[in-house]
Amino acid sequence: MFNRASFLTRLVASSVKVSETAGGIIKNVMTAGDLKIVNKCDGGYDPQTEADRRAQYCIVQSLQNRYKDLKIIGEEDETTACPEVELGFSEDVLNLESSLNSELRNIKEEDVVVWVDPLDGTSEVALAVKNKNLALLEQVTVLIGIAHKGRAVAGIIHQPYFSENGRTVWAINGCGVHGITPAQSNAKKVVVTTRSHLSESVSSALEALKNKDLADSIEKVGGAGYKVLKVLEGSAAYVFASAGCKKWDTCAPEAVLEAAGGNLTDISGRKIRYDSNIQLNNTGGVLATASWVKHLDYVNSIPDDIKNQLPEVASKK
Ligand SMILES: Nc1ncnc2c1ncn2[C@@H]1O[C@H](COP(=O)(O)O)[C@@H](OP(=O)(O)O)[C@H]1O
Ligand SMILES: [Mg+2]
Ligand SMILES: [Mg+2]
Ligand SMILES: [Mg+2]
């Protein structure tokens, strides 16, 4: 069955399993207790742990083992070799093959870029350990986003610390969302935003949404993957009017949210591109909305001066 499936179906079926194995690696590093934290940012704080390094190694090795010429772009430049190679695949994904439209079924390996965030929410991991607040670990996700000709077409969000055994939320364009039942409405409009990268432009954008009755309350949580899970679970929107978030943070969440009828664009409403030679930063910020609110209302309510501070940069890295 695996060999007869289309390339995209096989890649998603593999990626679901690979994300779960990466989640296991993260949990093992946490249990072992030595995170070996490195700060990647001169003059700022952008932590990387042994879990980020091992999880990315496993994801890239596992996918490259099966798909030799696949273009993969991962967050981490430094990785740590580890023995786990995942060659399994999800039967649930294979069973979806007949739902794919012919364009998706004809996707070729050479037109695909896989965007990998081996551990989204690293700051929350560091804080969880420092403050012995293990509840923060719920905000950790493994993100594998699949882009075809620059557009996010499929995504996997694995949440290792959800409940006892974690969960994997995944989607292929037009084929629904799996692993979660998205909320259809909520009486209250909760807007989620960054916990660790607040800035003046982020605060001003949130204030503008409050004034237009598009944000009844603000919740600050970590990770792009977790924030999109919050939107699927009943928050109205995820707003980040700042430039630090990268393509590997948004590719999988965008594919998953859009398959649920929501939207993820930059704060000016422009679609984000995921071509292999694209600028890594989402320079236009991030705006994600649930299926039950109007994306354009949120776009239109963010003031032009904030949008003008966050232009789209489509040039090469
Ligand atoms: N100014 C910035 N510098 C570096 N990374 C940033 C950033 N703003 C956002 N990010 C990244 O975007 C993701 C979500 O951020 P936030 O939790 O602040 O919303 C995190 O991914 P990682 O945890 O994978 O590094 C975070 O590092
Ligand atoms: Mg991230
Ligand atoms: Mg990361
Ligand atoms: Mg990081």
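Residues numbered from 1 in each chain as written. Chains lettered and ligands numbered in written order. Predicted model: local features only at pLDDT ≥ 70, side-chain atom pairs only at ≥ 80, totals over all residues. Heavy atoms only, no water.

An unreviewed UniProt entry annotates the chain as 3'(2'),5'-bisphosphate nucleotidase 1 originating from Caenorhabditis angaria. Turning to the chain, the UniProt annotation filed under Cofactor (unreviewed entry) states: "Mg(2+)". Recorded in UniProt for the chain, the comment headed Sequence similarities (unreviewed entry) runs: "Belongs to the inositol monophosphatase superfamily." (UniProt positions renumbered as here; feature names shortened; annotations may be inferred.)

Colleague: What is the right way to look at the coordination of the magnesium ion (ligand 3) in this model?
Modeller: Bound to the magnesium ion (ligand 3) on the protein side are Glu 75 (OE), Asp 117 (OD) and Leu 119 (O), at distances that span 2.1 to 2.2 Å. Metal-to-metal, the separation of the magnesium ion (ligand 3) and the magnesium ion (ligand 2) is 3.6 Å; Asp 117 coordinates the two. Of this pair, Glu 75 sits in the loop between strand S3 (71–74) and helix H3 (91–94) while Leu 119 sits in strand S4 (residues 112–120), placing them 44 residues apart in sequence. Each member of the pair, Glu 75 as well as Leu 119, carries the same accessibility label: buried. (Donors = N, O, S within 2.8 Å, 3.2 Å for Na, K, Ca; no water. Helix = DSSP H or I, 4+ residues; strand = E, 2+ residues; numbered from the N terminus. Buried < 20%, exposed > 50% of the residue type's maximum accessible area, 1.4 Å probe, protein only.)

Colleague: Would you explain the sheet that holds strand S9 (residues 190–194) in this entry?
Modeller: Think of a sheet as strands paired side by side through backbone hydrogen bonds, with each pair either parallel or antiparallel. What the 5 strands build is an open sheet, ordered S10-S9-S11-S13-S12; its pairing is mixed. Each edge of the sheet is formed by a strand with only one pairing partner; in this case those strands are strand S10 (217–221) and strand S12 (263–265). For this sheet, the mean inter-axis angle between neighbouring strands, taken without regard to orientation, is 20°. Taken together, the 5 bridges between S9 and S10 define a ladder with parallel strand orientation. Of the residues in S10, the one forming a bridge with Val 192 is Glu 219. (Pairing = 2+ DSSP bridges. Axes fitted to C-alpha atoms, helices over the stretch in contact; angles between N-to-C directions.)

Colleague: Before we go on, may I ask you to explain the sheet that holds strand S5 (residues 141–148) in this structure?
Modeller: The sheet built from 6 strands is open, its strands ordered S3-S4-S5-S6-S7-S8 with mixed pairing. In the strand order of this sheet, the two ends are held by S3 and strand S8 (177–178), each with one partner. By the bridge criterion, 7 bridges tie S5 to strand S6 (residues 151–159) in an arrangement that is antiparallel. Each residue of the ladder has a partner; that of Gly 145, found in S6, is Gly 155. Of the strands in this sheet, S3, S4 and S5 touch helix H2 (residues 50–66), which is tilted by about 155° from S4. Across the sheet, helix H8 (residues 247–259) touches S3, S4, S5, S6, strand S7 (167–172) and S8, and the angle it forms with S6 is around 95°. (Contact = heavy atoms within 4.5 Å.)

Colleague: Is there a simple way to explain the coordination of the magnesium ion (ligand 2) in this structure?
Modeller: Six octahedral donors at a metal ideally form angles of 90 or 180 degrees, and four tetrahedral donors ideally form angles of 109.5 degrees. Donor atoms from the polypeptide that coordinate the magnesium ion (ligand 2) comprise Asp 117 (OD), Asp 120 (OD) and Asp 249 (OD), at 1.9 to 2.1 Å from the metal. Spacing between the donor residues of the magnesium ion (ligand 2) along their common chain follows D-x2-D-x128-D. For Asp 117, a relative accessible area of 0% translates into the label buried.

Colleague: Would you explain the pattern of salt bridges in this entry?
Modeller: Close approach of charged atoms allows side chains with opposite charge to pair. Applying the stated criterion across every chain, the model contains 12 salt bridges. Close ionic contact of Glu 254 with Lys 271 constitutes a salt bridge, the shortest N to O distance being 3.5 Å. Of this pair, Glu 254 sits in helix H8 while Lys 271 sits in the loop between S12 and strand S13 (286–289), and the two are 17 residues apart along the sequence. Exposure remark for Lys 271: the relative accessible area of 34% places this residue in the partly exposed category. Residue Lys 271 is joined to Glu 258 by a salt bridge in which the shortest nitrogen-to-oxygen separation is 2.9 Å. You can see Lys 271 sitting in the loop between S12 and S13 and its partner Glu 258 sitting in helix H8, a full 13 residues away along the chain. One network of salt bridges, with partners in common, ties together Lys 40, Glu 75 and Glu 76. (Salt bridge = Lys/Arg side-chain N within 4 Å of Asp/Glu carboxyl O.)

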